[in-house]
Amino acid sequence: MIITIDGPAGSGKSTAARKLAATLGIAYLDTGAMYRAIALAALQQGILLKDNDSLISVAKTCDIELDCGPTHTRVTLNSADVSEAIRSMAVNQATSFVARIHEIRQILVEKQRAIGRHLDSLVSEGRDQGSVVFPDADLKFFLDAAIEKRAMRRYQELVADGEEASYELIMENLQQRDGNDQHQWAPLLEPESAIRIDTTQMTIHEVVERLLEEVRKKGLGRS
Ligand code: DC
């Protein structure tokens, strides 16, 4: 069973995807973590973010391992645990340079499909999961929320992780990313067959319940 959850940053999709996977007892694939790990590798190697060729070569050579347990995601980069390091604001910003490069997307799309084949059942979360990576998924969701709410969620996440965060900077960053999404290379695509959920006024518990309702309607899962 493959369930995809796509949507913009702060739409609540990561937490919802993780909780849905845990409830169903299946793996959770955080595809953003893969783009983030490449961005971190590039930063560590002092590569200029506009140097596409070098970024592609980092993507081809770095070794990223994802532990897709339903209750946690551990990410290792060249054998070092980078689960926390990939969540910093610096990596946030660098990742959009990585994510817009077609060749890097192709490499990661292949990796994600291989993980899907290997695990068989998973909740896969990102921007292009229902549209590009798993077009034949059993169930597809698209989560969205008002930008003010998304910025506040991102701010609270960073503060909870002990990062210094500015709501204004996060809002600027989100506006930039939403603007980028309108370009042709944008990874954020809403699959036609996806169930759209606006999470602005919803708690995470309500979002997960709504997802589970659709899972049950389809006769998927045990709960
Ligand atoms: O979901 P996230 O914030 O961890 O994603 C990090 C970055 O990676 C963000 O800039 C969007 C990008 N991304 C992508 O382009 N395609 C995906 N499947 C997942 C994330």
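As a starting point, this report considers the structure included with it. (Residues numbered from 1 in each chain as written. Predicted model: local features only at pLDDT ≥ 70, side-chain atom pairs only at ≥ 80, totals over all residues. Heavy atoms only, no water.)

## Focus: the overall build of the chain
- Within the chain, the secondary structure is distributed over 9 helices and 8 strands.
- Computed over C-alpha atoms, the radius of gyration of the chain comes to 17 Å, within 12% of the 17 Å expected from 2.2 N^0.38 for 223 residues, which places it in the range of a compact globule.
- In terms of principal-axis extent, the alpha carbons of the chain reach across some 50 × 40 × 35 Å.
- The buried share among the 223 residues of the chain stands at 48%. (Helix = DSSP H or I, 4+ residues; strand = E, 2+ residues; numbered from the N terminus. Rg over C-alpha atoms; globule rule 2.2 N^0.38 Å. Buried < 20%, exposed > 50% of the residue type's maximum accessible area, 1.4 Å probe, protein only.)

## Points about the sheet that holds strand 5 (residues 80-81)
- Spatial strand order, 3-4-5: 3 strands in an open sheet with antiparallel pairing. Of all the strands in the sheet, the pair left with one neighbour each is strand 3 (64-67) and strand 5.
- Here helix 2 (residues 31-44) sits on the sheet and contacts strand 3 and strand 4 (74-77); the angle it forms with strand 4, its principal contact strand, is near 35°. (Pairing = 2+ DSSP bridges. Contact = heavy atoms within 4.5 Å. Axes fitted to C-alpha atoms, helices over the stretch in contact; angles between N-to-C directions.)

## Quick word on the site of the ligand
- Arg36, Arg105, Arg127, Asp128 and Arg154 are the nearest of the 16 residues found near the ligand.
- Between Arg154 and the ligand, the recorded distance is 2.9 Å, taken from a side-chain N or O atom to an oxygen atom.
- Broken down by secondary-structure element, the contributors of at least two residues to the shell around the ligand are helix 2, helix 4 (89-99) and strand 6 (122-126).
- A total of 4 residues in the shell around the ligand trace back to one element, the largest contributor, which is helix 2.
- Class assignment of the residues belonging to the shell around the ligand gives a composition of 3 nonpolar, 5 polar and 8 charged. (Near = heavy atom within 4 Å. Polar contact = N/O pair within 3.5 Å; in protein donor to acceptor, adjacent residues only side chain to side chain. Nonpolar A, V, L, I, M, F, W, Y, C, P; charged D, E, K, R; others polar.)

## Some details on the pairing of strand 2 (residues 27-30)
- Across the two faces of strand 2 the burial is the same, with Ala27 and Leu29 and Tyr28 and Asp30 all buried.
- Bridge count for strand 2 against strand 6 is 4 bridges, and the pairing is parallel. Paired with Leu29 across the two strands is Ser124, which belongs to strand 6.

## Describing the packing of aromatic side chains
- The full count for this structure, using the stated rule, is 0 aromatic pairs.
- Over the ring of Phe97 we find Arg100, and its NZ or CZ is 5.1 Å from the ring centre. (Phe/Tyr/Trp six-rings, centres within 6.5 Å; stacked < 30°, edge-to-face > 60°. Lys NZ or Arg CZ within 6 Å of the ring centre and 35° of its normal.)

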